[in-house]
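Close look at the chain arrangement
Given next are the chains, with one letter for each unit.
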Amino acid sequence: MALDKRMPGDMSDNDLLRYSRHIMLPEIDFEGQQKLLTAKILIIGVGGLGSPVALYLAASGIGEIIIADHDKVELNNLQRQIAYDEESLGQSKVASCADKMEKINSKIKVVQLDEKLTGQQLLSQVEVVDVVVDCTDNLTTRFEINQACVTHKKHLVSAAAIRWEGQISVYHCGDQNSPCYHCCYGMREGSREDSREELNQNCSNNGVLSPVVGVMGSLQAIEVIKLIIDKGDSLIGRVLLFDALSMQWETMQLPKNPDCSVCGRSC
Ligand SMILES: [Zn+2]
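The following paragraphs examine the structure supplied in this document. (Residues numbered from 1 in each chain as written. Predicted model: local features only at pLDDT ≥ 70, side-chain atom pairs only at ≥ 80, totals over all residues.)

A word on the overall build of the protein chain
Across its full length, the protein chain carries 11 helices and 10 strands. Classification of the 267 residues of the protein chain by burial places 41% in the buried group. In the protein chain, the share of contacts with a sequence separation of at least 24, taken over all contacts with a separation of at least 6, comes to 67%. (Helix = DSSP H or I, 4+ residues; strand = E, 2+ residues; numbered from the N terminus. Buried ≥ 20, exposed ≤ 12 C-beta atoms within 10 Å, placed from the backbone. Contact = placed C-beta atoms within 7 Å.)

Comments concerning helix 7 (residues 139-151)
Taking 1.5 Å of rise per residue, 13 residues should cover 18 Å, and helix 7 covers 18 Å from first to last C-alpha, within 8% of that figure. Among the residues of helix 7, Arg142, Ile145, Asn146, Gln147, Ala148, Cys149 and Val150 are the ones counted as buried. Along its buried surface, helix 7 packs onto strand 3 (40-44), helix 6 (119-127), strand 6 (131-134), strand 7 (155-162), strand 8 (165-172) and helix 8 (181-185). Taken from the residues just after helix 7, Lys153 is the one with a positive phi, measuring 55°. (Expected span 1.5 Å × (residues − 1).)

Observations regarding the environment of Leu245
Position of Leu245 among the secondary structure elements: in the loop between strand 9 (238-243) and strand 10 (248-253). Look at Leu245 and you get exposed, because 10 C-beta atoms sit within 10 Å. Separated by 80 residues in the primary sequence, Leu245 and Glu165 have C-alpha atoms spaced 7.9 Å apart.

What about the packing of helix 4 (residues 50-60) against helix 5 (residues 93-104)?
Across the interface, helix 4 lies against helix 5 with an axial gap of 9 Å and an inter-helix angle of 30°. Between helix 4 and helix 5, the interaxial angle falls into the category roughly parallel. The handedness of the crossing between helix 4 and helix 5 comes out as right-handed. Taking contact as the criterion, the partners of Ala54, Leu55, Ala58 and Ala59 in helix 4 are, on helix 5, Cys97, Lys100, Met101 and Ile104. A per-class count over the contact of helix 4 with helix 5 returns seven nonpolar, no polar and one charged. (Axes fitted to C-alpha atoms, helices over the stretch in contact; angles between N-to-C directions. Parallel < 35°, antiparallel > 145°, perpendicular 65-115°, else oblique. Left-handed = near helix turned anticlockwise from the far one by under 90°. Nonpolar A, V, L, I, M, F, W, Y, C, P; charged D, E, K, R; others polar.)

Thoughts on the packing of helix 3 (residues 29-37) against helix 11 (residues 210-229)
Direction vectors running N to C along helix 3 and helix 11 enclose 110°, while the axes themselves pass 9 Å from each other. Taken together, the axes of helix 3 and helix 11 lie roughly perpendicular to each other. Helix 11 is crossed by helix 3, and the crossing has right-handed handedness. For the pair helix 3 and helix 11, the contacting residues are Gly32, Lys35 and Leu36 in the first and Ile225, Ile228 and Ile229 in the second. For the contact of helix 3 with helix 11, a count of residues per class yields four nonpolar, one polar and one charged.

Digging into the nonpolar core
Judged by nonpolar contacts, the single largest core of 70 residues is most densely connected at Ile41, Ile43, Ala54, Ile65, Ile67 and Val133. Among the elements that make up this core, the one with the highest residue count is helix 11 (10 residues). The contacts of Ile65, once residues within four sequence positions are left out, are Ile41, Ile43, Ala54, Leu57, Ala58, Met101, Ile108 and Val110. (Core = buried A, V, L, I, M, F, W, Y, C linked by C-beta atoms within 7 Å.)

Remarks on the sheet that holds strand 9
If you trace the eight strands from one edge of the open sheet to the other, you get 5-4-3-6-7-8-9-10, paired in mixed fashion. Single-partner strands in this sheet number two, and they are strand 5 (109-113) and strand 10. Strand-to-strand twist of the sheet, defined as the mean angle between neighbouring strand axes without regard to direction, takes the value 15°. For strand 8 and strand 9, the ladder comprises five bridges, and the chain directions are antiparallel. By the bridge assignment for strand 9, Glu165 is matched with Asp243. Helix-sheet contacts for helix 5 involve strand 4 (64-68) and strand 5, and the interaxial angle to strand 5 is about 175°. (Pairing = 2+ DSSP bridges.)

Some thoughts on the pairing of strand 6
Across the two faces of strand 6 the burial is the same, with Val131 and Val133 and Val132 and Asp134 all buried. One ladder, built from four bridges, connects strand 3 with strand 6; its direction is parallel. From the neighbouring strand, Ile43 faces strand 6, where its bridge partner is Val133. Relative to strand 7, strand 6 runs parallel, the two sharing four bridges. Its bridge partner lying in strand 7, Val132 is registered against Leu156. A crossover connection joins strand 6 to the parallel strand 7 through helix 7; in handedness this β-α-β unit is right-handed. (Right-handed = clockwise from strand over helix to strand, strands pointing away.)

Topic: unusual backbone geometry
Trans is the common state for peptide bonds, and a negative phi is the common state for residues other than glycine. We note that Lys153 has phi near 55°; this positive angle belongs to a residue other than glycine. Following the sequence through the fold, Lys153 ends up in the loop between helix 7 and strand 7. Although it is not a glycine, Asp230 sits at a positive phi angle of roughly 55°. With respect to the helices and strands, the residue Asp230 is situated in the loop between helix 11 and strand 9.

Don't take any of this as a statement about function, it's just geometry.
Structure follows, in structure tokens:
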């Protein structure tokens, strides 16, 4: 049989071999892999979190992956941003990351957005994808991404990592019972300014252990796959907290805020 002959479900022999370890899983099988091959996702930020998200989802066969980032690769990125190597220094992150993704899997489509995704452009990109993955480290950007996901009722997979700690949650912005990011982290009336400063901390001024971003980014990739194949229990309405120093995991419920200014009425 010719290697490129198309098989039922539009998978070639090579596809069946490439994705065989997925297809063996009863929760994925041919049908699930086919869903992955036709899925379209948006990854915002391809740094420490976005690197493993982009590489694992490219390897997993997500059909179209849009990556957005306006940074260039710097030396201090190489400690944890595994999509890049010393030859990437000075290059645009999206170009270098896309190159690595296509070397892993030339069958997928990678769209590069070498810009700070904001405003109407952000809304337009969110509208056309199945899942949005927030891999940024900026609170203002996180709120804007959440707003766009609520507007277009999209799933949002969001994670953060700092020092030895990480956290991840999934927001289902099409479900009126699911909290949004703003429900959980939006500043209420009368909140102290230092609360916002605490939330806005990132690894650039606090440091982060290299593999912690790998763990959290890998978990984001897992949650994206589960959403696309519609299997398992996602982290919707929950946050998973990871402390690498004590090697403790903790899960907390995230309540919806009925008075949330973002999703209170529209979600
Ligand atoms: Zn909300």
